[in-house]
Amino acid sequence: MNFAHKILLILVIVMIVFLSITPIYWTFVTSISSDKDLIKTSKSWFPPQPTFRNYQEVFGLSKDVYSVGNQIKRTITNSLTISFAVTFLTLVFAILAAYAIERLRVPLRNYISFFVILTQMLPPVILVIPIYLILSKIGLLDSKFSLSLIYIALNLPFAIWILSSYFQRLPVSVEEAAIIDGCGYLGALWRVLIPMSKPALFTSGIFVFLSSWNEFIIALVLTTSLKSKTLPISISEFMGRFYTNYPLMTAAGIVSMIPPIIFASIFQRFLVEGLAKGAVKE
Amino acid sequence: MKLRHKKILTAYLFLLVPLTFFAFIRFYPMISAFYISFTDWNIISPVKNFVGLANYVKIFNDSVFRISLLNTLKYVAYGVPSVIVLSLILALLLNNITKLQGFYRLIYVMPYITPLVATSWVWRWMYQKPPTGIINNFLNMLGLPTRSFLMSTTEALPSIVVTTVWIEVGYCIIIFLAGLQSIPKEYLEAARVDGANRRQLLFKITIPLLNPVIVFLSVMQTIIFLRIFTQVYNMSDQGSGGPLNSTKPLVLYIYQKAFKSFDMGTATAATVILFLIILGITVVQLKVLNKKVEY
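Structural notes, computed from the coordinates.

Parameters and conventions
- Residues numbered from 1 in each chain as written.
- Chains lettered and ligands numbered in written order.
- Predicted model: local features only at pLDDT ≥ 70, side-chain atom pairs only at ≥ 80, totals over all residues.
- Heavy atoms only, no water.
- Helix = DSSP H or I, 4+ residues; strand = E, 2+ residues; numbered from the N terminus.
- Rg over C-alpha atoms; globule rule 2.2 N^0.38 Å.
- Buried < 20%, exposed > 50% of the residue type's maximum accessible area, 1.4 Å probe, protein only.
- Axes fitted to C-alpha atoms, helices over the stretch in contact; angles between N-to-C directions.
- Parallel < 35°, antiparallel > 145°, perpendicular 65-115°, else oblique.
- Contact = heavy atoms within 4.5 Å.
- Nonpolar A, V, L, I, M, F, W, Y, C, P; charged D, E, K, R; others polar.
- Buried area = accessible area lost by both parts, 1.4 Å probe.
- Salt bridge = Lys/Arg side-chain N within 4 Å of Asp/Glu carboxyl O.
- Polar contact = N/O pair within 3.5 Å; in protein donor to acceptor, adjacent residues only side chain to side chain.
- Phe/Tyr/Trp six-rings, centres within 6.5 Å; stacked < 30°, edge-to-face > 60°.

1. Looking at the overall build of chain B
If you tally the helices and strands in chain B, you get 14 helices and 0 strands. Sequence-ordered secondary structure for chain B, helices as α and strands as β, is α-α-α-α-α-α-α-α-α-α-α-α-α-α. The C-alpha radius of gyration of chain B comes to 24 Å, more than 25% above the 19 Å expected for a compact globule of 295 residues. With respect to the three principal axes, the spread of C-alpha positions in chain B is 80 × 75 × 30 Å. Among the 295 residues that make up chain B, the fraction classed as buried is 53%.

2. Side note on the packing of helix 6 (residues 124–137) of chain A against helix 2 (residues 16–36) of chain B
One way to put it is that helix 6 of chain A packs onto helix 2 of chain B with a least axis distance of 8 Å and a crossing angle of 95°. When the axis of helix 6 of chain A is compared with that of helix 2 of chain B, the two are roughly perpendicular. Between helix 6 of chain A, through Ile126, Leu127, Pro130, Ile131, Leu133 and Ile134 of chain A, and helix 2 of chain B, the contact on the second element is made entirely by Ile25, Arg26, Tyr28, Pro29, Met30, Ser32, Ala33 and Ile36 of chain B. In terms of residue class, the contact of helix 6 of chain A with helix 2 of chain B is built from 12 nonpolar, 1 polar and 1 charged.

3. Regarding the interface of chain B and chain A
At the junction of the two partners, chain B supplies 87 residues and chain A supplies 91 residues. Here chain B packs against chain A, burying approximately 8100 Å² in sum over the two surfaces, 82% of which is carbon and sulfur. Broken down residue by residue, the surface that chain B buries against chain A is led by Phe14, Arg26 and Trp125 of chain B, which jointly contribute 10%. Applying the counting criterion to the chain B and chain A interface returns 0 salt bridges. Remark: the boundary between chain B and chain A carries 3 residue pairs in polar contact (both at pLDDT 80 or more).

4. As for the packing of aromatic side chains
Scanning the entire structure with this criterion turns up 29 aromatic pairs over all chains. Aromatic pair Tyr99 of chain A and Phe14 of chain B: ring centres 6.1 Å apart, planes at 50°, arrangement tilted. Note that Tyr99 of chain A is positioned in helix 4 (residues 68–102) and Phe14 of chain B in helix 1 (residues 2–14), a pairing that runs across two chains. Per residue, the accessibility class of Tyr99 of chain A equals that of Phe14 of chain B, and both read buried. A connected cluster of aromatic rings, assembled from ring pairs, spans Phe84, Phe202, Phe209, Trp213, Phe263 and Phe267 of chain A.

If you want it as C-alpha cells, here you go:
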C-alpha cells in the first residue's frame, strides 16, 4: 500500500466514523443542552452548561402520573419486559426446533423450510390486518402477552435457521454417546449441544432482542394504552406532540438507543458474525 | 422400527410450538388477507360480501394508491443502488484495515441497531431550517442557500432515502467485509503472479466471487425499501406521508386505509399487490443476478 492510498483510506475511515456517529452525538448534545443554548445559530461541539434535567424527567422523577417522563418510563418497562421475554422464549423454542430439524431429521423438513422462507418475505403489514382482526375478536388487543407472541412467531424462523446451521457443523459423536448412555434427546441437547452452541445462541439472542426492541408497525397497530405500549411508539407520539421540546425528546431518543448500544458493545463479536452468517453462507 | 417412531414423534413435539405459531400467526393471516381483499368488509359492518375484484379496481382508480405505488418504486430505485454501490466501495477500502476492526464495525452498525423511530426523528431535526437543522447550518456555513428538505414535495422523498441509506450502509459494509474475507487469498495471488493489475483483480476476481453476497444484499435491500414505513411515518408531518403524499409509500397507504378509514377490503387488496411486487422482484433478481462463478 503506497502513501497516497493510505491517506485516502484514513480519510474514508474518518468520514464514515464521523457520519455514523455525528447524528447520535448531536442528539446527545441536544439532550443535555439548556433551551437557550439551542437557539444560538453558532453551535458548539459541547454545550457550555450541560444539564441532565431532561434525563431526570424521562426517568420519571416527577410525581405527576401523566407527565411525559412517567409515561416514557412505563413504556420502557413494557419494552424491556417484552424484549427479554421474547428473546428467552424464542431461544427455547428455536433450540428444540433446530434440534428436531438438524438431528432428528424430521420428515418433510425441506418443505417446512421452504414455507418458512416464503412467509419470511412477506411484509409484516400483510399480517398485521388479519392479526388485528383476530385479536380484537378474542379481546387480546393492547396486551403485552399477545404482542410478545407475535414477536416470537416473527423471530422464530431466523433463530431456528441460525441455530440449525450451527448444529450442522458440530460433531454428532458426543451426542450419540450421551444418548447411548441413557441421556435421552433432551439430556443430550441440554448437556452436550447447548454448551457447545453458545456463539449461535448469543447471535440469535441479540438479533431477537434488537428486533423486538426496535419493532414499530405491529406495536403501532396493536397497542393503544400504557398497559402495553412500547418505547418506540411512545417516542413517536411524544415527538409529534412536543415537537418543539427538543432537549426532552432527544433525551428520550438517547434512552431508547442505550440498550441496543450496550448489547452490541458486549456481544460485538457475535453480532458481526451473525450479520455476516446470513449472507456469506448461502 | 419403534425407535424410529419415537424419534419422529419427538421431532414433531419439538417443532410443535413453531409450527403452531407459523400456522396461526403467519399462514392463516396470509390466507385471510387474500380472502378479505375480495370482500367489501369494513370493521363496523358485521357482514362480508364477496365482491370479486372490485377492491382491486377501486385501488387502481385511486390516485393516492398510484402515487404511493410510484413512490415505493422510487424508494427502491434510488435507495437500493445507492446502498449497494456505496457500501461495496467502502468495504473494498476498509478491507485493508487490520487494526481495531471490531471497534470500527461497532461504529458502522450503530445506525442499524439503534431504533428506527429514534434515528428518523434525529434526521427530521437535522433536516430542519436553521438554527435547529444542522444540515442547513452546515450548508449556510459553506455559503449555500437553505433548503427545505422534508417540507418540499420534491426533496422530501430523496431526503428520506438518504436517511435510510445512512442506516443500511453500515450493515451492508459488514456483510461485504465478511464476503471479502471469505475469498481465498490464493486466487488473488495467482492472478497477481500472472501479471494482473489492480483493476483486473477487482473486476475479474473479487467482484465475481462476491456475486452471491451482492445478490443477497440486493434482494434484501429491495425488500427493505419496498416495505419502507417507519421512517416515512416519523419523518412526515403527523405521519401523513406528506407533503401532499409525496413521500407516502404503499405500506403507509395500507396502514391509513386499514386503521384510519377502516376499509379492510381495499387495504388488504393493496397488501396483496405489495406481496406480488415483492415476490416478482425477488424472483427476477435471483434469476438475473445469480450467476454461478467457479474458478
